[in-house]
Amino acid sequence: MTELEDELEARLREIEDPIVGEDILSMQLINDVEIDDGTASISLAFNTPFAPAELELGDEIRAAVSDVGLEPDLYAEVGREHGFDEEVMPNVRNVVAVASGKGGVGKTTVAANLAAGLDELGARVGLLDADIHGPNAPRVLPVEEQPGVTPDEKIVPPTADGVKVMSMGFLLEEEDDPAILRGPMVNNVMTHFFENVEWGALDYLVVDLPPGTGDASLDLVQTLPVAGVVIVTTPQEMAVDDARKGLRLFEKHETPVLGIVENMSRYHCPSCGDEHDPFGRGGAEEMVESYDVELLGQLPIHEDFGADGSELPAVKLDASPVQDAAQSVMTDIADRLGEVNRLKVADMLELGREEDKSPVDESPQSQSGPKL
Ligand SMILES: Nc1ncnc2c1ncn2[C@@H]1O[C@H](COP(=O)(O)OP(=O)(O)OP(=O)(O)O)[C@@H](O)[C@H]1O
C-alpha cells in the first residue's frame, strides 16, 4: 500500500456508524476504494438512500477523503453477497411493510406519512396499498389521476405529490364497493400487483399490509423481500395485545421488525392546553421492555392525521403543529432501517472476508451503483 492509501485507510477507520457505534471498516461497509488521478472512488455497502445517518456517514467519508488531499466520489452498491435479494423486485431497493394487529389503529395513516416523509427526504418512493379488503390509501393521499397502462399492459401507478401509489381502490367500480376476495384470489391479485405494476426504480416501496396477523399478511411478507416491518399500535390494551401477536408472527418468519409506532398516543386539547390520554398510557413502553423491540415514535391524536385525501399527509403539512412529530417518527424509521441494512452487511460479510483485509488496496472494481 502506498503512504496515501495507508493514510486514507487510517482516516476511514476513525469513522463510526452513528447508530451501531462500530467503525465502518470493521462493519465491512466499504466494498472498494480506487484511487486514480487525484480522485478516490469509494463503493459503499449502503442501501438506505436519504436516511439521515447514512447521509451523515457519506459526509464524514467525503471529509476524510478531502483531508488526505483527494477528491471524493462515492457510490452505493449492495447485492446478494451482502444479503440483499436481487431477483423478486430488482428495481426496488427496500420494501418496508406497515402492519397492525387490529384494524383502525392508523396503519394506513402511518404508511402514507412514511411514504410521503421518505419522498420529502429526497428518495424515490412507492406506496402499495395491500389492504385489499378495505383499500384506503387513495383516501389518505391526494392522488391526482387514475392509473395508466403501458403498451405491454403494465399498470402505471399514479402519483400523489411525488409518491407513486397503487391500490385495489383504483380497480373498484364504486368507492364503497367492498373487495370480496378470499384465499387464493387474494394472492393472485397481489401477485398481479407485484408483477404487473411499472414501479420504475424505487428506493423504498412502502406496503400497507391488511390489518391483523392472518394469512394475507403472512403471504405478503413471504412473497416480497421485506427489509423490515413497522408495527402500528395504539396505547389501548387490546391494540397492544394484538400488536404483540404481530410481532411474534413476523419474528417467527424471520422478517426483521423495525419497531413499533404508537399512534393516537396523546391528545393536546387546543382550548384548555392540557394533554389527555384517551386511550390510556404506557402500552408501547411496556411492550418495548418485555419484547426487546424498538419504540420508533409516538404520534398524537390530531385532525391533520385524519386526512381525507384532499390534503397532504401531516408529514408534509408545513403549517401543521404535528408536522415535526410526524417527520421525526418517519426519519427515525428510515434510520432504523439503515441500521438493520448495515448490520445485515456486517453479518453477511463477517464470515466471507479475510480478517483485516483492507478495501483500500484491493484490486480495482468497476463502479456501477448510484452516486451518493
Ligand atoms: N393520530 C391520529 N389522529 C387523528 N386521527 C387519526 C390518527 N391516526 C389515524 N386517524 C384516523 O383514524 C382512522 C383510521 O386510520 P387508518 O385508516 O390509518 O387506520 P388503519 O389501521 O389503516 O385501518 P384499517 O384497519 O381500516 O386498515 C382514519 O379515519 C384516520 O384518518
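A quick note: this is a predicted structure, and the numbers were derived from the prediction, not measured. (Residues numbered from 1 in each chain as written. Predicted model: local features only at pLDDT ≥ 70, side-chain atom pairs only at ≥ 80, totals over all residues. Heavy atoms only, no water.)

Novice: Where do I start with the overall build of the protein in this structure?
Specialist: Check the secondary structure of the protein and you find nine helices and 14 strands. Across the 372 residues that make up the protein, the buried fraction comes to 51%. Across the protein, the fraction of contacts at a sequence separation of at least 24, relative to all contacts at a separation of at least 6, is 74%. Put simply, the protein shows about 17000 Å² of open surface, and 46% of that area lies on carbon and sulfur atoms. (Helix = DSSP H or I, 4+ residues; strand = E, 2+ residues; numbered from the N terminus. Buried < 20%, exposed > 50% of the residue type's maximum accessible area, 1.4 Å probe, protein only. Contact = heavy atoms within 4.5 Å. Areas by Shrake-Rupley, 256 points an atom, 1.4 Å probe, with all protein chains shown as cover.)

Novice: Where do I start with the packing of aromatic side chains in this structure?
Specialist: Considering all chains together, one arrives at zero aromatic pairs under this definition. Above the plane of the ring of F84 lies K344, whose end atom (NZ or CZ) is 4.3 Å from the centre. (Phe/Tyr/Trp six-rings, centres within 6.5 Å; stacked < 30°, edge-to-face > 60°. Lys NZ or Arg CZ within 6 Å of the ring centre and 35° of its normal.)

Novice: Help me understand the pattern of salt bridges in this model?
Specialist: Following the criterion strictly, the structure yields 14 salt bridges and no others. Here E87 ties to R80 by a salt bridge, and the two come within 3.8 Å at their closest N and O atoms. Exposure remark for E87: the relative accessible area of 60% places this residue in the exposed category. Note that D119 is salt-bridged to K316, the shortest N-O span being 2.6 Å. Taken together, the residues span a long stretch of sequence, with D119 in helix α3 (residues 107-121) and K316 in the loop between β14 (295-301) and α9 (323-352) at a distance of 197 residues. You'll find D119 and K316 in the same group, each marked buried. Among the charged side chains, a network of salt bridges with common partners joins R11, E14 and D67. (Salt bridge = Lys/Arg side-chain N within 4 Å of Asp/Glu carboxyl O.)

Novice: I'm lost on the UniProt feature "binding site: ATP" (unreviewed entry) in the protein in this one. Help?
Specialist: Under the present numbering, the feature "binding site: ATP" (unreviewed entry) in UniProt falls on G101, K102, G103, G104, V105, G106, K107 and T108. With respect to the secondary-structure elements, V105 resides in the loop between β4 (92-100) and α3. In contact with V105, other than residues within four places in its own chain, are S100, V232, T233, T234, A239, N263 and M264. Contact partners of G106, with chain neighbours within four places excluded, come to V232 and N263. (UniProt positions renumbered as here; feature names shortened; annotations may be inferred.)

Novice: Help me understand the pairing of strand β10 (residues 202-208), please; the structure alone is not making it clear to me.
Specialist: As a general feature of sheets, a regular strand has side chains that alternate between the two faces. Counting buried positions along β10 gives seven out of seven residues, so the element sits mostly inside the fold. With six bridges connecting them, β4 and β10 associate as parallel partners. Across the sheet, residue V92 finds its bridge partner in β10, namely L202. Here strand β5 (residues 125-129) pairs with β10 via five bridges, running parallel. Note on β10: the bridge partner recorded for L128 is V207. (Pairing = 2+ DSSP bridges.)

Novice: Honestly, the site of the ligand in this entry has me stumped. Any pointers?
Specialist: Around the ligand, 17 residues are found, and the nearest of them are G104, T108, T109, D131 and N263. H302 is positioned such that a nitrogen or oxygen atom in its backbone is 3.0 Å from a nitrogen atom of the ligand. Separating an oxygen atom of the ligand from a backbone N or O atom of F305 is a distance of 3.5 Å. Burial of the ligand by the protein chains amounts to 76% of its free accessible area of 630 Å². Of all the secondary-structure elements, those providing two or more residues to the shell around the ligand are α3, β12 (257-268) and β14. Among the elements that line the shell around the ligand, the one with the most residues is α3, at three residues. (Near = heavy atom within 4 Å. Polar contact = N/O pair within 3.5 Å; in protein donor to acceptor, adjacent residues only side chain to side chain.)

Novice: Explain the sheet that holds strand β2 (residues 39-44) to me, please; I cannot follow it from the model alone.
Specialist: Each strand in a sheet pairs with another by means of backbone hydrogen bonds, the pair being arranged parallel or else antiparallel. Strand order in this open sheet of three strands is β1-β2-β3, and the pairing throughout is mixed. Each edge of the open sheet carries a strand with a single partner, namely β1 (30-36) and β3 (71-76). In this sheet, neighbouring strand axes are inclined to one another by 15° on average, regardless of whether the strands run parallel or antiparallel. Running at roughly 145° to β1, helix α1 (residues 3-13) makes contact with β1 and β2 of the sheet. Relative to β3, helix α2 (residues 52-67) is tilted by about 145°, and along the sheet it contacts β2 and β3. (Axes fitted to C-alpha atoms, helices over the stretch in contact; angles between N-to-C directions.)

Novice: How should unusual backbone geometry be read in this particular structure?
Specialist: Most peptide bonds are trans, and most residues other than glycine sit at a negative phi. Of note, Q28 is a non-glycine position whose phi angle comes to about 60°, a positive value. Here Q28 lies in the loop between α1 and β1. A positive phi angle is found at E153, which is not glycine, with a value near 65°. Secondary-structure assignment places E153 in the loop between β6 (148-149) and β7 (155-156).

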